[in-house]
Amino acid sequence: MGLNGCCSCVKYLMVLINILFWLIGLTVVIVSVWMLTDPTFMLSMTQSYNHYYIALYVFLAIGIMITLGAFFGCWGVCRESQCLLVSFFCVILIVMVAQIAAGAWAFHNKDKLDDIVRAAVKFSVQEEYGQSTMSSRTVTFDTLQKNLKCCGADGPGDWATSRFNNVDRTNIVDIAVSSMNVFYNIPESCCKDDLKDNECEMSRRLKFGGPLNVSIYQQGCVDKLIEIINENWITIFAITAAVILLELLSLTFALSLCCAVRNQYYKA
């Protein structure tokens, strides 16, 4: 015997909510896989290489759990199964707790964002760019510089002491002393888009401590990257809060349906 009355309305609402969860979970999974397989995704520059992939795998796991929870919810409502509804409740509760914990951590460390991003981008410029073992990092940074129209972490001068120029990091003092005679190269992605064929190649060679060529981007990438993140910070929190509220509503409905199914079973 099926549920009726108010419980029937709750059933339809649960189905609609779980369709939304299924879409959200599928979107999270697709975006996670895209970010894992696309080496040019610029967000990877905001933290260390290993931390970025750990965060993505966690993000992917949450997406899979939301999709799985939506399946349990829809099937549990259609079958009026307490077991499936309890499974839905447990899965969504775990996801919600993880989201709240992640949101609390992000909000608490919001003031440290500048330092985290600056350290990650600086390290990429000085240690990772151009290295054969970090080819994906090189492609990502080239994409970052082209799209944001920037060069280096704080400016083009960062490349003077980068491994990209085969600099021995232990001899930076010696380089500074002989700076009047030292030249260094910057990546092609630092050149402005409207340059002619050979202008970029000629503009890429700079003198250590000398004036910057007007044909290359003058601003560093850190400030632009932080600006983009700050602009989208409120949007990210608003979407997360809306999803958490939807999850709270679905947990309430799931409990209500569980109680209704149990009461119906006892009456039968």
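Summarised in this report is the structure supplied together with it. (Residues numbered from 1 in each chain as written. Predicted model: local features only at pLDDT ≥ 70, side-chain atom pairs only at ≥ 80, totals over all residues. Heavy atoms only, no water.)

### Some thoughts on helix α3 (residues 82–108)
Moving on, step 1. With 27 residues, α3 extends 38 Å between its outermost C-alpha atoms, agreeing within 8% with the 39 Å of an ideal straight helix rising 1.5 Å per residue.
Moving on, step 2. By the burial criterion, the buried members of α3 are Leu84, Leu85, Phe88, Val91, Ile92, Val95, Met96, Gln99, Gly103 and Ala106.
Moving on, step 3. Between the side-chain oxygen of the N-cap and the backbone nitrogen of Cys83 there are 3.4 Å, and the N-cap of α3 in question is Ser81. (Helix = DSSP H or I, 4+ residues; strand = E, 2+ residues; numbered from the N terminus. Expected span 1.5 Å × (residues − 1). Buried < 20%, exposed > 50% of the residue type's maximum accessible area, 1.4 Å probe, protein only. Polar contact = N/O pair within 3.5 Å; in protein donor to acceptor, adjacent residues only side chain to side chain.)

### Here's the deal with a nonpolar patch on the surface
Moving on, step 1. Taken together, the side chains of Leu13, Leu16, Ile19, Leu20, Trp22, Leu23, Leu26 and Ile30 define a hydrophobic patch exposed on the protein surface, amounting to about 720 Å² of accessible area.
Moving on, step 2. Tracing the sequence through the fold places Leu20 in helix α1 (residues 6–37).
Moving on, step 3. The partly exposed category is assigned to Leu20, whose relative accessible area is 42%. (Patch = residues over 30% accessible without salt bridge, like charges linked within 9 Å, V, L, I, M, F, W, Y side chains within 5 Å. Areas by Shrake-Rupley, 256 points an atom, 1.4 Å probe, with all protein chains shown as cover. Salt bridge = Lys/Arg side-chain N within 4 Å of Asp/Glu carboxyl O.)

### Some thoughts on the nonpolar core
Moving on, step 1. Counting residues in hydrophobic clusters, the biggest one holds 26 residues, and the most contacted among them are Val121, Phe141, Trp159, Tyr184 and Ile186.
Moving on, step 2. Take this core: its biggest share by element is six residues, from helix α8 (residues 221–267).
Moving on, step 3. Apart from the residues within four sequence positions on either side, Tyr184 is in contact with Pro156, Gly157, Trp159, Ala160, Asn165, Arg204, Arg205, Leu206, Lys207, Phe208 and Leu212.
Moving on, step 4. In terms of nonpolar packing, the next biggest core, distinct from the first, is built from 22 residues, Met14, Ile17, Ala70 and Phe72 among them. (Core = buried A, V, L, I, M, F, W, Y, C linked by side-chain atoms within 4.5 Å. Contact = heavy atoms within 4.5 Å.)

### Overview of the pattern of salt bridges
Moving on, step 1. Tallied over the entire structure, the rule returns eight salt bridges.
Moving on, step 2. Residue Lys11 is joined to Glu80 by a salt bridge in which the shortest nitrogen-to-oxygen separation is 3.0 Å. Within this pair, whereas Lys11 is found in helix α1, its partner Glu80 is found in the loop between α2 (49–79) and α3, the two being separated by 69 residues in sequence. Considered together, Lys11 and Glu80 belong to a single accessibility category, that of buried residues.
Moving on, step 3. Among the ionic pairs, Glu201 bridges to Arg204, the shortest N-O distance being 3.5 Å.
Moving on, step 4. What emerges from the salt-bridge pattern is a single network uniting Arg118, Lys122, Asp154, Asp158 and Asp223.

### Here's the deal with the side chain of Asn165
Moving on, step 1. Structurally, the position occupied by Asn165 is in the loop between α5 (135–148) and α6 (172–177).
Moving on, step 2. Exposure remark for Asn165: the relative accessible area of 18% places this residue in the buried category.
Moving on, step 3. Within the structure, Asn165 has its side chain in polar contact with the backbone nitrogen of Asn185 (distance 2.8 Å).

### Focus on α5
Moving on, step 1. Look at α5: 20 Å from first C-alpha to last across 14 residues, which is about the 20 Å you get at 1.5 Å a residue.
Moving on, step 2. Of all the residues in α5, the buried ones are Ser136, Arg137, Thr138, Thr140, Phe141, Asp142, Thr143, Leu144, Gln145 and Leu148.

### Let's talk about the state of the cysteines
Disulfide: a covalent bond formed between the sulfur atoms of two cysteine residues.
Moving on, step 1. Tallying each qualifying case throughout the model produces three disulfides.
Moving on, step 2. Each disulfide pairs two cysteine sulfurs, and for Cys191 the partner residue is Cys200, the sulfurs being separated by 2.1 Å. What sets the handedness of the Cys191 and Cys200 disulfide is the S-S torsion sign, and at about 85° it is right-handed. Judged on exposure class, the residue Cys191 and its partner Cys200 are both buried.
Moving on, step 3. With its disulfide-bonded cysteines labelled consecutively along the sequence, the chain is connected as 1-6, 2-3, 4-5. (Disulfide = S-S within 2.5 Å.)

### Here we look at the environment of Asn230
Moving on, step 1. Inspection of the secondary structure puts Asn230 in helix α8.
Moving on, step 2. Judged by its relative accessible area of 36%, Asn230 is partly exposed.
Moving on, step 3. Residues Asn230 and Asp114, 116 residues apart in the sequence, show an inter-C-alpha distance of 9.9 Å.

### Things to note about the environment of Met202
Moving on, step 1. Among the structural elements, Met202 can be located in helix α7 (residues 199–203).
Moving on, step 2. Residues Met202 and Ser215, 13 residues apart in the sequence, show an inter-C-alpha distance of 9.5 Å.

### Notes on the side chain of Ser32
Moving on, step 1. Checked against the element boundaries, Ser32 lands in helix α1.
Moving on, step 2. You can call Ser32 buried: its relative accessible area is 0%.
Moving on, step 3. Excluding residues within four positions of it along the chain, Ser32 makes contact with Leu56, Phe59 and Leu60.

### Quick notes on unusual backbone geometry
Moving on, step 1. A positive phi is found at Glu80, a non-glycine position, where the angle reads about 50°.
Moving on, step 2. Although it is not a glycine, Lys149 sits at a positive phi angle of roughly 55°.
Moving on, step 3. Owing to a relative accessible area of 40%, Lys149 belongs among the partly exposed residues under this scheme.

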